[in-house]
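Notes for the structure review
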Amino acid sequence: MTMVRGEIAKNGDGHRLLVPRPATHHVQWHWATPQAELVLTAGDLASILRFYRRVHRLNQTELGDLLGYDKTYISALELGKRALDDVGSRRRVCECLRLPPHILGVTDIADTDHRAMLQFGESTVRLAEIARQSGHAAEAVSELWPLVARLEARVEEGHTERDVLHLLARAHVGLGVALGNVLPEERLSTAARWTAKSLDLVEYFEDPALTSYALRMHGNELRKARLRGAAVERLCRAVAVAPDDDARAAALALLARAAGTLGNRQLFDSVMRENADLLSSVEHTSLFNPFSLHEIRLRGLVATGRTGTAIRLVEQSPTPTTAVAPQWRVIELVTVAHVQLLADDRKGAAESLDTAVGEAVMQRLPHQLQRIMRTAGIQLPEPREAAAHALDRMRSEMAA
């Protein structure tokens with residue numbers, strides 16, 4: 001009997017049988033490991049078959065059923081005594097094992113589509129990040145959503161190549177962070193769930209830079225969703241695995257925000273001291289720069305009971321640089337207004353919040369509009385009402 005697992009086959013009596021494919025649950029990620037990368041890069045059929053059997057816990061008979069060969073032929077292929085010389089056979093093996101055809105030296109339409117998808121995906125992730133950093137998070141979501149759906153469908157079908165999983169991990173992070181900009185507070189847990197999906201993938205790559213990046217972005221979304229203890233834990237891990245000062249600085253900035261929000265004065269002060277030490281030696285980014293760190297310091301000082309110190313520092317805000325993402329200006333304005341109100345400077349606070357409302361509307365930042373409403377409270381009804389009306393309009397547009 002010749003039958004391919006997952007397809008309809010016939011037994012000796014001519015009856016139709018459905019032979020299920022090996023379940024991909026729990027075993028699919030083995031194709032993302034460094035060992036799998038070595039096996040696949042070499043393109044050696046014997047090694048690939050042996051690795052596939054080990055991952056899916058198949059014997060040679062079961063692998064033969066999947067590929068349509070008998071046990072003796074599988075044994076000969078694994079020992080290198082037989083070879084698949086024709087393109088059709090190699091293409092079919094790749095289809096059965098859910099591998100791109102170029103792994104076994106086959107270049108065809110399917111392989112071209114696979115490579116084009118990866119190139120398109122890489123470009124989409126990069127452009128989405130640029131859009132988000134430029135204040136266009138909604139556009140980033142629109143670009144990333146179909147890419148993530150396409151990649152997840154490919155994985156669900158059993159195509160778990162390393163490059164696909166690597167791209168999917170970064171797309172999950174990008175989508176989650178972009179959603180964290182455009183969703184209102186009551187839905188921010190959705191953003192955290194998307195960034196969490198990346199953590200199940202990145203652990204298989206043994207790449208400290210990717211791991212630190214995923215942990216710090218997930219930690220920040222947890223903080224925004226008010227899961228503060230979990231946020232600090234993830235961000236501490238991001239700092240610990242950071243491979244260089246740049247990655248460490250990015251993680252430390254977010255850890256300082258989370259530590260302040262948690263009210264952990266000792267951790268906040270320790271992290272801010274390390275931030276100050278790194279500031280002179282690390283290239284400025286949209287997150288790690290004097291302007292952003294000033295806002296983080298102000299918010300953390302208030303959260304840890306040092307309002308007087310925050311009031312004295314509020315007028316010392318550095319000038320924003322081109323490296324600062326537009327949303328940071330809104331974040332800083334709201335924080336400054338909070339401190340100004342604590343200093344009983346209602347006029348200054350109202351001016352800060354009025355500017356923040358206009359910027360938050362332009363950049364479509366519902367979460368910041370909600371911060372404005374909380375900060376204004378009953379003391380500044382006009383900015384609060386302006387923010388509330390803007391938020392209602394934004395929600396109506398999202399619902400439509």
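Note that this is a predicted model, so its numbers are computed, not measured.

Rules used in this analysis
Residues numbered from 1 in each chain as written. Predicted model: local features only at pLDDT ≥ 70, side-chain atom pairs only at ≥ 80, totals over all residues. Heavy atoms only, no water. Helix = DSSP H or I, 4+ residues; strand = E, 2+ residues; numbered from the N terminus. Expected span 1.5 Å × (residues − 1). Buried < 20%, exposed > 50% of the residue type's maximum accessible area, 1.4 Å probe, protein only. Arc of directions from axis to C-beta. Contact = heavy atoms within 4.5 Å. pLDDT = per-residue confidence, 0-100. Core = buried A, V, L, I, M, F, W, Y, C linked by side-chain atoms within 4.5 Å. Patch = residues over 30% accessible without salt bridge, like charges linked within 9 Å, V, L, I, M, F, W, Y side chains within 5 Å. Areas by Shrake-Rupley, 256 points an atom, 1.4 Å probe, with all protein chains shown as cover. Salt bridge = Lys/Arg side-chain N within 4 Å of Asp/Glu carboxyl O. Lys, Arg positive; Asp, Glu negative; His and termini not counted. Charge placed at Lys NZ, Arg CZ, Asp CG, Glu CD. Polar contact = N/O pair within 3.5 Å; in protein donor to acceptor, adjacent residues only side chain to side chain.

**Digging into helix α19 (residues 381-399)**
With 19 residues, α19 ought to run about 27 Å at 1.5 Å a step, and its terminal C-alpha atoms sit 27 Å apart, in line with that. Buried residues of α19: P383, A387, A390, L391 and M394, and no others. Along α19, the residues classed as buried sweep out an arc of 105° about the axis, all on the same side. Opposite the packed face of α19, turned more than 90 degrees from it, sit the exposed residues E382 and A399. Considering only its buried residues, α19 is in contact with α17 (346-363) and α18 (366-376).

**A word on the environment of R299**
With respect to the helices, strands and loops of the structure, R299 is situated in helix α14 (residues 290-303). Taking relative accessible area as the criterion, R299 reaches 24% and is therefore assigned partly exposed. Expressed as a C-alpha distance, the spacing of R299 and V336, which sit 37 residues apart in the sequence, is 8.6 Å.

**Notes on the confidence of the model for the protein**
Mean pLDDT over the protein works out to 86, with 90% of the residues at or above the 70 mark. Below a pLDDT of 50 lies the segment residues 1-27, which in the model reaches 51 contacts outside its immediate sequence neighbourhood of four places, other chains included.

**Some remarks on the nonpolar core**
One finds L151, L175, L179, F268, F288, I296 and W328 to be the most contacted residues of the largest nonpolar core, which totals 74 residues. If sequence neighbours within four positions are ignored, F288 has contacts with A249, A253, N275, L278, L279, V282, E283 and L293. Within the second largest apolar cluster, 25 residues are counted, among which are I48, L67, L99 and L104.

**Observations regarding a negative patch on the surface**
Negative charge collects at one region of the surface, where E315, D344, D345, E351, D354, E382 and E385 lie side by side. A residue is classified by how much of its surface remains accessible, and D345, at 30% relative accessible area, is partly exposed.

**Remarks on helix α10 (residues 208-224)**
With 17 residues, α10 extends 24 Å from end C-alpha to end C-alpha; this agrees with the ideal 24 Å at 1.5 Å per step. Within α10, 14 of the 17 residues are buried, leaving the element largely enclosed by the surrounding structure. Between the side-chain oxygen at the start of α10 and the backbone nitrogen of A209 there is a gap of 3.1 Å, and the oxygen is on D207. R226 occupies a position one or two residues after α10 and carries a positive phi of about 70°.

**Side note on unusual backbone geometry**
The phi dihedral of D344 is positive, around 65°, even though this residue is not glycine. The exposure class assigned to D344 is exposed, which follows from its relative accessible area of 58%. With a phi angle near 55°, R364 is a residue other than glycine that sits in the positive phi range. Exposure remark for R364: the relative accessible area of 29% places this residue in the partly exposed category.

**Concerning the pattern of salt bridges**
What the rule picks out here adds up to 15 salt bridges. The salt bridge involving E129 is made with R132; its shortest N-O contact spans 2.8 Å. Remark: R132 and E129 occur in helix α6 (residues 109-133); sequence separation between them is 3 residues, near one turn of the helix. The residue R395 makes a salt bridge to E186 at a minimum N-O spacing of 2.5 Å. Note that R395 is positioned in helix α19 and E186 in the loop between α8 (162-182) and α9 (188-202), a separation of 209 residues in sequence. The exposure class assigned to R395 is partly exposed, which follows from its relative accessible area of 33%. Salt bridges here are not isolated pairs; linked through shared partners, they connect E185, R226 and R374.

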